[in-house]
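Below are the chains, spelled out letter by letter.
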Amino acid sequence: MGCFSYVTSSWLETASEDELRETASEMESLLDELDYDSDEHTEIYGIHIDVVNAVSRRFPLNLPHREHGWYLSNDD
């Protein structure tokens, strides 16, 4: 896990949006390679959640836009 040791609460509050998104992407790539049941996967996944939450908290206007609800046609 040493490769993400720089991800601290202080870093999460000061990193740029690009740094946060790049780190999240690197974590996602590594998580895809790790055994889901491993301790390393669990540890990195927890940190990944913190990084994603930092993006959503600090840069909420740059989140992908999604439609909510059901599509209902007007044809009855």
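All chains use their own residue numbering, which begins from 1 and follows the written sequence. Given that this is a predicted model, residues contribute local features only at a pLDDT of at least 70 and side-chain atom pairs are listed and counted only at 80 or more, while totals for whole chains, interfaces and linings are drawn from all residues. Only hydrogens and water are removed before side-chain values are computed, so all heavy atoms of the structure are retained for them.

### Observations concerning helix α2 (residues 17-33)
Rules: Only DSSP runs of H or I reaching four residues or more are called helices, and only runs of E reaching two or more are called strands; each is numbered from the N terminus. Here, expected helix span is obtained from the residue count minus one, scaled by 1.5 Å. Partly exposed residues are those whose accessible area sits between 20% and 50% of the maximum for their type, while under 20% is buried and over 50% is exposed, using a 1.4 Å probe and protein chains only. The directions from the helix axis to the C-beta atoms are what the arc is built from. Residues are treated as being in contact if the distance between any of their heavy atoms lies within 4.5 Å.
With 17 residues, α2 extends 25 Å from end C-alpha to end C-alpha; this agrees with the ideal 24 Å at 1.5 Å per step. Taken together, the buried positions of α2 are E17, L20, T23, A24, M27 and L31. Here the buried residues of α2 occupy an arc of 130° about the axis, which is enough to place them on one side. Relative to its buried face, α2 has exposed residues pointing more than 90 degrees away, namely D18, E22, D32 and E33. Its buried side turned inward, α2 meets α1 (9-14) and α3 (39-58).

### Observations concerning the packing of aromatic side chains
To keep things clear, this is the line we draw: By convention, a stacked pair of Phe, Tyr or Trp rings (six-membered ring in the case of Trp) has centres within 6.5 Å and planes under 30 degrees apart, an edge-to-face pair has planes over 60 apart, and any other such pair is tilted.
Taken as a whole, this structure holds two aromatic pairs when the rule is applied. Here the aromatic rings of F4 and Y6 are separated by 6.4 Å at their centres, their planes lie at 50°, and the arrangement is tilted. Between the aromatic rings of Y6 and W11, the centroid separation amounts to 5.2 Å while the plane-to-plane angle is 80°, which identifies the pairing as edge-to-face. Its relative accessible area of 33% is what places Y6 among the partly exposed residues. Taken together, F4, Y6 and W11 form an aromatic cluster joined through their ring pairs.

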